[in-house]
Structure formats: structure tokens, C-alpha cells
Amino acid sequence: MRAYLSFLRSNAPWLGAGFLLIFMSGIAQTSFVAIFAGVIRAEFGLSHGQWGGLYSLATALSAVLMLIFGGVADRFGARWLGTAVLLGLAAGCLFLSLSQGLIALAGSLFVIRFLGLGMASHVALVATGRWFSRTRGKAVAVVLSGFAVSEAVLPVLFVAALETTDWRRLWQIVALLILAGAILLPLVLRGERIPAGDEVSGEQTGMGGLHWTRGAALRHWLFWLIAPSVLVMPMAISTFFFQQVHYAGLAGVEHIALVALFPPFTVALSLWSFFWGWAVDRWGTATIFPFSLLPAALGFGVFASLSGLPAIAFGMLCVAVSFAAQDTLRTAFWPEYYGTRHLGSIKSVAMAVIVMGTALGPGISGVLIDLGISLRVQFAVLVVLFLAASVGIRIGLTRARRLLAVPA
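Residues numbered from 1 in each chain as written. Predicted model: local features only at pLDDT ≥ 70, side-chain atom pairs only at ≥ 80, totals over all residues. Heavy atoms only, no water.

### A closer look at the confidence of the model for the chain
Reasoning step 1: Summary statistics for the chain give a mean pLDDT of 85 and a share of 95% for residues scoring 70 or more.
Reasoning step 2: Considering only residues more than four positions removed or in separate chains, one finds that residues 196–201, a stretch of pLDDT under 50, has 11 contacts. (pLDDT = per-residue confidence, 0-100. Contact = heavy atoms within 4.5 Å.)

### Quick word on the environment of serine 273
Reasoning step 1: Tracing the backbone shows serine 273 in helix 14 (residues 262–283).
Reasoning step 2: Look at serine 273 and you get buried, because its relative accessible area is 3%.
Reasoning step 3: If near-sequence neighbours (up to four positions away) are discounted, serine 273 is found in contact with Ala141, Ala324 and Thr328. (Helix = DSSP H or I, 4+ residues; strand = E, 2+ residues; numbered from the N terminus. Buried < 20%, exposed > 50% of the residue type's maximum accessible area, 1.4 Å probe, protein only.)

### A look at a nonpolar patch on the surface
Reasoning step 1: On the surface, Leu87, Leu176, Leu179, Ile183, Leu184 and Leu187 cluster together into a nonpolar patch covering about 570 Å² of accessible area.
Reasoning step 2: The biggest single contributor to the nonpolar patch is helix 9 (residues 167–188), with 5 residues.
Reasoning step 3: With respect to the element layout, leucine 87 can be found in helix 6 (residues 78–98).
Reasoning step 4: You can call leucine 87 partly exposed: its relative accessible area is 43%. (Patch = residues over 30% accessible without salt bridge, like charges linked within 9 Å, V, L, I, M, F, W, Y side chains within 5 Å. Areas by Shrake-Rupley, 256 points an atom, 1.4 Å probe, with all protein chains shown as cover. Salt bridge = Lys/Arg side-chain N within 4 Å of Asp/Glu carboxyl O.)

### Considering the nonpolar core
Reasoning step 1: Counting 141 residues, the largest nonpolar core has Trp171, Leu258, Phe300, Tyr338 and Phe386 as the members making the most contacts within it.
Reasoning step 2: The greatest single-element share of this core, amounting to 15 residues, is contributed by helix 7 (residues 102–131). (Core = buried A, V, L, I, M, F, W, Y, C linked by side-chain atoms within 4.5 Å.)

### So, empty space enclosed by the protein
Taking a probe equal in size to a water molecule and rolling it over the atoms shows the remaining empty space.
Reasoning step 1: Applying the stated criterion across every chain, the model contains 3 cavities of 30 Å³ or more.
Reasoning step 2: Along the walls of the largest cavity sit 27 residues, with Gln29, Leu117, Phe323, Asp327 and Ile354 positioned nearest its centre.
Reasoning step 3: Secondary-structure elements contributing two or more residues to the lining of the largest cavity are helix 2 (12–25), helix 3 (30–33), helix 7, helix 8 (136–162), helix 11 (221–242), helix 17 (309–338) and helix 18 (343–370).
Reasoning step 4: Computed from the structure, the second largest cavity encloses a volume of approximately 40 Å³.
Reasoning step 5: Forming the boundary of the second largest cavity are Ile237, Phe240, Phe241, Phe265, Phe300, Phe303, Met316 and Val319. (1 Å grid on protein atoms, 1.4 Å probe; cavity = no way out; pocket = protein on both sides within 12 Å on 5 of 7 lines; lining within 4 Å. Points joined across faces, edges and corners; volume = space filled by probe spheres on them.)

Okay, here's the thing in C-alpha cells:
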């Protein structure tokens with residue numbers, strides 16, 4: 001414990017900056033935006049499929065933009081790039097509060113998803129992956145706890161606030177919160193961290209002793225064996241949270257009772273993030289990554305077949321285990337296997353896949369609900385996808401293990 005507290009104290013500026021960016025990215029997560037689904041659908045006259053389609057279109061476009069702009073994290077430091085991202089995110093939230101037509105609504109959702117879900121978390125995790133090497137897992141766990149705190153606090157507060165406050169006013173409050181974060185970030189982060197002491201000095205190479213470019217990574221088989229695991233978790237999580245109101249009805253619980261499970265979910269998410277961070281530093285990515293999606297498969301199996309709050313709580317706990325593992329393990333995986341020189345460009349592709357997953361989940365699920373295909377059936381299909389993705393990770397890392405020890 002003393003060593004851990006010393007680690008936190010000596011690295012507080014960098015860990016704090018990453019935590020802040022990840023916390024702010026929680027505002028763009030589906031679990032938060034979906035809180036307003038009912039009032040937005042009612043005000044704009046949208047069905048489940050239309051709302052899901054609009055949301056998915058905005059998210060898909062933000063995924064495309066991630067491919068174009070994700071590489072800027074390799075050229076600009078996190079201090080000012082992160083500040084610019086937060087200022088843009090605050091503007092997007094303000095625009096959403098003022099939107100009157102579908103085009104304005106879609107445009108503001110696009111800005112929020114691109115800068116919040118995409119760039120804010122991208123800048124934080126690329127910087128953390130570059131700032132730390134031997135203690136990367138531990139650092140990522142601390143930074144990712146920002147999402148857990150955001151997820152635990154914001155949804156419950158704003159669901160309660162919706163009872164008495166207009167949804168547009170609430171998004172203006174969100175804009176002010178993010179603006180405060182944009183002012184705080186450059187004060188916390190005054191410089192970049194160069195790994196030293198017990199870290200590996202200089203840039204870290206990946207497989208074959210190479211600094212992999214984005215093009216080389218995309219032409220290599222490992223990326224495509226890992227890609228399904230990158231896609232399926234955000235697709236599943238976004239489906240669950242986006243359809244939370246609908247699912248609460250299917251499961252026979254009140255929506256507020258379901259939302260009350262979010263804080264325990266995020267506490268579990270945070271605790272498991274620390275465990276996975278320790279496990280990565282202790283045993284390495286290749287050993288534990290292949291098993292990381294199995295708890296989520298169990299969780300969505302529960303959602304597909306059982307009802308009632310105890311069953312839902314158990315399912316969410318299982319999902320939290322895998323969700324924490326994926327964020328932590330992926331952040332450690334990219335620099336370990338592809339190096340750090342072009343980390344931002346490579347991770348931008350992965351982030352685009354993640355964002356696309358969050359687009360596919362709400363869009364597909366909304367259309368299928370309109371077509372009469374039960375959400376429970378959709379959850380059962382996700383179980384199969386989780387298992388298939390696990391097999392892909394296992395095959396990929398088993399084949400790639402020997403390449404980590406091969407010089408260029």
C-alpha cells in the first residue's frame with residue numbers, strides 16, 4: 001500500500017490529467033446520453049428505430065473522423081490537445097441544449113460523440129501508454145477509474161434532476177462542468193512524462209523490434225484477430241445502456257431501480273480495473289487477455305434469460321469484470337505489440353472500431369426492436385459473439401508471442 005501511494009504521489013500530474021479526461025468522456029458515453037432518450041424522442045417525435053438510427057449515424061461519422069484525426073495525439077502533447085478537445089466538447093453540449101431540428105440534434109450528437117467518446121479518451125489513453133512502461137497496467141487502472149467515478153455519479157444525479165429540470169437546462173449545466181475541466185487540465189498537467197527510474201527509457205518497440213506504423217499494423221494478421229474483441233464489447237455495452245428503459249420493462253423493474261445499479265456497477269468496474277492493471281504488470285497481456293471476455297458472455301446470458309434486480313445485478317457485475325479488463329488490457333496491448341512511436345495513429349483505428357461498435361449497438365437494436373425481435377434474443381447473439389472474439393484473441397496472441405522476442 002505504501003508503495004502504491006508513493007506511485008500515486010510521484011505521478012499525480014499525469015495520472016490526474018488522464019483521470020480528468022476520462023471522467024469528462026463519461027458524459028459522451030451511451031449510458032449517460034441514453035438517460036435523455038425518452039424526453040428527446042418525445043420532443044422530436046422519434047421512434048426507437050429512428051432515435052437509434054440518428055444516434056448511430058452521428059456515432060459512425062465520428063468513428064470515420066477518428067481515423068483522420070486520431071494521429072494528432074502523436075504530434076501534440078496531451079496538455080493543450082486535451083484542453084482543445086474539452087472546449088469543443090463543452091460547445092457540443094451547449095449546441096445540443098439549443099437544438100431545434102433533427103439536423104441540429106444530429107450535429108450536436110456527432111460533436112459530443114467524436115470529442116467525448118472518441119478524442120477525450122483517446123488522448124488520455126495514448127498519453128498514458130506513452131508516459132508509462134513497466135507500470136503501465138497500474139497507471140491505466142488509475143486513469144480508467146475516472147470513467148467509473150463518472151458512471152457512478154452522473155447518471156443517478158441527472159436521472160433525479162430530470163424529474164424537476166428541463167433536459168435542455170441540464171445539458172447547459174453539463175457544458176459548464178466540462179468547461180471547468182478544460183480550465184483545470186492545463187493547470188494539472190504542466191509537462192509530458194518521460195519514462196525513467198524503474199521505467200524503460202526512450203521509445204518502446206513492438207513485435208520484431210520494430211516501430212510499427214498504422215499501415216503495417218493493418219496489413220498484419222494480428223490486428224484482425226484482435227479487432228472482433230475491440231468491436232463486440234462497446235457494441236454490447238452500448239446496446240444495454242441505450243435500451244435501458246426498454247430493457248427495464250422487459251425485466252419487470254422500474255427504470256430508476258435499474259439506474260440505481262449503475263453506481264455498484266462502476267464501483268465493481270473500478271475495483272476490477274485495478275486488479276487487471278496489477279495482473280498485466282504481474283503476468284503480461286498474453287496470459288490473461290484471452291479469458292477477459294468470458295465474464296461478459298455469462299453476464300449477457302443472464303440478461304437474455306433471467307429477470308428481476310438480483311439477476312440483473314449479477315449480470316452487470318460479470319460485465320463489469322470484462323469491461324474493466326478490455327480497457328486496461330487493450331491500452332497495454334497496443335504499445336507492447338506495436339511500439340510507442342506511432343501509438344496514436346494505431347490506436348486511432350482501434351478507437352474508430354470502438355466508436356463504430358457503439359454506433360452499431362443502438363442502431364441495430366432499435367431497428368430489430370421495431371421489427372419485433374426481442375432484446376433478449378439480441379443479448380443471446382452477443383453471447384456467441386463474445387465467445388468467438390475470445391477464440392480470436394487466443395489464436396492471435398499465441399501466434400504473436402514468438403514475434404515479441406524476434407529482433408528486426
